[in-house]
Amino acid sequence: MVVVIGAGITGIGAAYYLRANNFPYVVLEADDDVGGTWYTQRWHGARCDSDFVKYSYSFKPYSSPRCLVEREEIHRYLRSVVEEFCILEHIRFGTRVITASFDTAERCWTVQTTRGAFRSKFLINGNGYFSLPHKPTFPGAETFAGEIVHTFDLDAGRTFPSQHVVLVGSGSTAVCAAPALAGISGSLTMLQRSPSYIYEIDNRATVLMRLCQYLYGRGVGFPMHALRRYLQARDDAIFVGFRSFPRVARWYFRRHWRGTVSRAELEEHFTPSYSPWEQRIPVAIGFKDAVRRGAVRMKTATIERFTADAIVLAGGEELRGDICILATGFQLDFVQFELRVDGVEVDTAGINFYKGIMMGGVPNYFQPVGVWHSAWTQRSETSTRFAMKIMKFMAVHGLDQVGIERRAVQYTPAITPEYLMRDLPKLPRLYGSWELPSLDNLFRYRFAPQKLNFE
Ligand SMILES: Cc1cc2nc3c(=O)[nH]c(=O)nc-3n(C[C@H](O)[C@H](O)[C@H](O)COP(=O)(O)OP(=O)(O)OC[C@H]3O[C@@H](n4cnc5c(N)ncnc54)[C@H](O)[C@@H]3O)c2cc1C
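Thresholds, definitions, all that
Residues numbered from 1 in each chain as written. Predicted model: local features only at pLDDT ≥ 70, side-chain atom pairs only at ≥ 80, totals over all residues. Helix = DSSP H or I, 4+ residues; strand = E, 2+ residues; numbered from the N terminus. Rg over C-alpha atoms; globule rule 2.2 N^0.38 Å. Contact = placed C-beta atoms within 7 Å. Buried ≥ 20, exposed ≤ 12 C-beta atoms within 10 Å, placed from the backbone. Pairing = 2+ DSSP bridges. Core = buried A, V, L, I, M, F, W, Y, C linked by C-beta atoms within 7 Å. Expected span 1.5 Å × (residues − 1). Axes fitted to C-alpha atoms, helices over the stretch in contact; angles between N-to-C directions. Parallel < 35°, antiparallel > 145°, perpendicular 65-115°, else oblique. Left-handed = near helix turned anticlockwise from the far one by under 90°. Nonpolar A, V, L, I, M, F, W, Y, C, P; charged D, E, K, R; others polar.

Q: Help me understand the overall build of the protein, please; the structure alone is not making it clear to me.
A: If you tally the helices and strands in the protein, you get 13 helices and 27 strands. Computed over the C-alpha atoms, the radius of gyration of the protein is 23 Å, within 12% of the 23 Å expected from 2.2 N^0.38 for a compact globule of 455 residues. With respect to the principal axes defined by its C-alpha atoms, the protein has extents near 70 × 50 × 40 Å. Residue pairs at least 24 apart in sequence account for 71% of intrachain contacts in the protein once pairs closer than 6 positions are excluded.

Q: Looking at this model, I keep getting lost on the environment of Ala414. Mind explaining?
A: If you trace the backbone, Ala414 turns up in the loop between β25 (402-403) and α12 (418-423). Taking C-alpha positions, Ala414 is 9.4 Å from Leu436, a pair spaced 22 residues apart along the chain. Setting aside anything within four residues of it in sequence, one finds Ala414 in contact with Val371, Trp372, His373 and Glu435.

Q: Whenever I open this one, the pairing of strand β5 (residues 108-113) confuses me. Can you help?
A: Residues in a regular strand point their side chains to alternate faces of the sheet. Covered by surrounding structure in β5 are Trp109, Val111 and Thr113 only, the residues Cys108, Thr110 and Gln112 on the alternate face being uncovered. With 6 bridges joining them, strand β4 (residues 97-103) and β5 adopt antiparallel strand pairing. Looking across to β5, one finds that Ser101 is bridged to Thr110. Connecting the antiparallel pair β4 and β5 is a turn made up of 4 residues, with Arg107 showing a positive phi of about 55°. Two successive antiparallel strands, β5 and strand β6 (residues 116-120), enclose a turn made up of 2 residues.

Q: It is not clear to me how unusual backbone geometry should be interpreted in this structure. Could you clarify?
A: Most of the time, phi is negative for any residue but glycine, and the peptide bond is trans. Its identity is not glycine, yet Asp342 carries a phi of approximately 50°, on the positive side. In this structure, Asp342 sits in the loop between β20 (338-341) and β21 (344-345). At Lys355, a residue that is not glycine, the phi angle is positive and equals roughly 55°. If you trace the backbone, Lys355 turns up in the loop between β22 (352-354) and β23 (358-359). Exposure remark for Lys355: the 21 C-beta atoms within 10 Å place this residue in the buried category.

Q: Where do I start with the nonpolar core in this structure?
A: Nonpolar side chains in soluble globular proteins tend to be buried together. Counting residues in hydrophobic clusters, the biggest one holds 112 residues, and the most contacted among them are Ile12, Leu167 and Ala178. Ranked by residue count, the leading element in this core is helix α5 (residues 172-182), at 8 residues.

Q: Sorry, what's going on with α5 here?
A: Since the α-helix turns once every 3.6 residues, residues separated by three or four places project in the same direction. Of all 11 residues in α5, 11 are buried, a share of seventy percent or more. Within α5 the residues assigned to the buried category are Ser172, Thr173, Ala174, Val175, Cys176, Ala177, Ala178, Pro179, Ala180, Leu181 and Ala182. Where α5 is buried, its residues touch β10 (160-168), β11 (185-192), β13 (283-284) and α10 (287-293).

Q: Can you help me understand helix α11 (residues 377-397) in this one?
A: Here α11 contains 21 residues, and its C-alpha end-to-end distance of 30 Å stays within 8% of the 30 Å for a straight helix at 1.5 Å per residue. Among the residues trailing α11, Gly398 stands out with phi positive, at a value near 65°.

Q: So what exactly am I meant to see when it comes to the sheet that holds β6 here?
A: An order of β6-β5-β4-β20-β21 is seen for the 5 strands of this open sheet, with the pairing classed as mixed. Two strands lie at the open edges of the sheet, namely β6 and β21, each paired on one side alone. For β5 and β6, the ladder comprises 5 bridges, and the chain directions are antiparallel. Opposite Val111, over in β6, you have Phe118 as the bridge partner.

Q: Teacher, can you tell me more about the sheet that holds β11 here?
A: Backbone hydrogen bonds are what pair the strands of a sheet, in a parallel or an antiparallel way. The 5 strands are arranged β9-β18-β10-β11-β14 in an open sheet whose pairing can be described as parallel. Each end of this open sheet is capped by a strand with a single partner; those strands are β9 (147-150) and β14 (297-300). The average undirected angle you get between the axes of adjacent strands in this sheet is 25°. Against the sheet, α5 touches β10 and β11, its axis set at about 160° to β11.

Q: What should I look at first to understand the environment of Leu154 in this one?
A: Considering the arrangement of structural elements, one finds Leu154 in the loop between β9 and β10. On the neighbour-count criterion, Leu154 (20 C-beta atoms within 10 Å) is buried. Filtering out sequence-adjacent residues up to four positions away, Leu154 remains in contact with Arg42, Trp43, Val149 and Ile325.

Q: For this particular structure, what's the right way to read the packing of helix α6 (residues 207-217) against helix α7 (residues 222-244)?
A: For any two helices packed against each other, the geometry comes down to the angle between their axes and how far apart the axes lie. It is at 7 Å that the axes of α6 and α7 come closest, and there the two elements cross at 140°. Accordingly, the angle class assigned to the pair α6 and α7 is oblique. Crossing of α6 over α7 shows left-handed handedness. Between α6 and α7, the contacting residues are Met209, Cys212, Gln213, Leu215 and Tyr216 on the first element and Pro223, Met224 and Leu227 on the second. Split into classes, the residues belonging to the contact of α6 with α7 amount to 7 nonpolar, 1 polar and no charged.

As structure tokens, then:
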């Protein structure tokens, strides 16, 4: 028996591969539905910013006339996956894992949950990495007569017809939410402490994409798989290209915004202090148009304090607002329960994290994760398949335990956004891959038994 924690994209992917390899499993999910992020994020404009044809699973690529799709559509897709592959009946909803303890004498995990204990030989952790919303504290916030709400607590059903909304943030969430909120608010100001690089796309799938999707629907799979590889290789090439030639990349973004905003606005609101792809690049749909029309008003300044009816900015300017929506992201937490080996709690801060799948000193434990700058599944699926190879090898050779030693490794994340740097000391340290899925998938996930400790 294998215990999988979480029924988000990672846990569902793990369940699919366990079933495909005939390993019995159970999925323990704290919530009351599948989807994780795509079930809980209900704010206005919530959607992905990776091409969904690539972000969807390789075993069920998604066909759509649009490149990026909304959260409801992603949630429906994930429901269809658990139904089609008979995963649903293996999921125990409303079951939160409290502790997971591995006993090296018994070579077995005991998983304590809110609904009893489970025992298993292997543990696959798909608990995600966003935990609690990050809510910065501002002086005077308690005196504000209006409402301060984080996007995490916001439902897209709400409207603000005659209210002045201030949206705080400059990352993907703010860029997705701004055009949607502008349509249902009296006025909308996007208040950012510092600018981001924002890339506006035409969300229509290209003729090539539609053709591959059409052929896939007719049972010809090869073009679709080639398309997914092409999209990944293209995105990796852009990532490496921008990082290698930052001046060209900066020029590219200036050109992208020229004609939409004045030179002064470009300098003030769309010219970050860092270079493109040092942080994740928010992908916009309809944002340029909303800015051009004045439906989204940009403001770049630091919040100094709140008063009863305004936000006071550094420099003294007062921004009137009835609702202040915080698009300020999440705290990162890779292990959202107590992890123990032989009764001793594992400190996962800075732990060596081999290929984004195995942690040092934690036997029979797999945690598939994605890369920061690309679609999550491009690595989470590859590392899940890597775990299956290990488990199959163990079954064939009658082995009971696999692990790697705990040791110090150097780790510099491929991108350095504030949300990552804020929690970096407590995060696992990834190594054993190049962080470029198009190459990693070909070269870095070959299974070499001699690199692991088996018993
Ligand atoms: C608005 C938004 C947009 C995003 N867009 C993209 C994008 O375009 N491309 C991309 O690659 N990534 C994107 N991401 C990142 C996204 O979170 C990941 O791609 C992916 O969804 C992570 O899936 P997961 O299953 O690992 O984690 P989650 O989706 O967080 O699911 C984890 C699941 O585990 C459950 N769980 C947690 N702890 C426990 C416990 N102790 N016991 C039992 N169950 C537990 C949770 O309830 C949840 O259902 C986005 C994230 C957000 C918030």
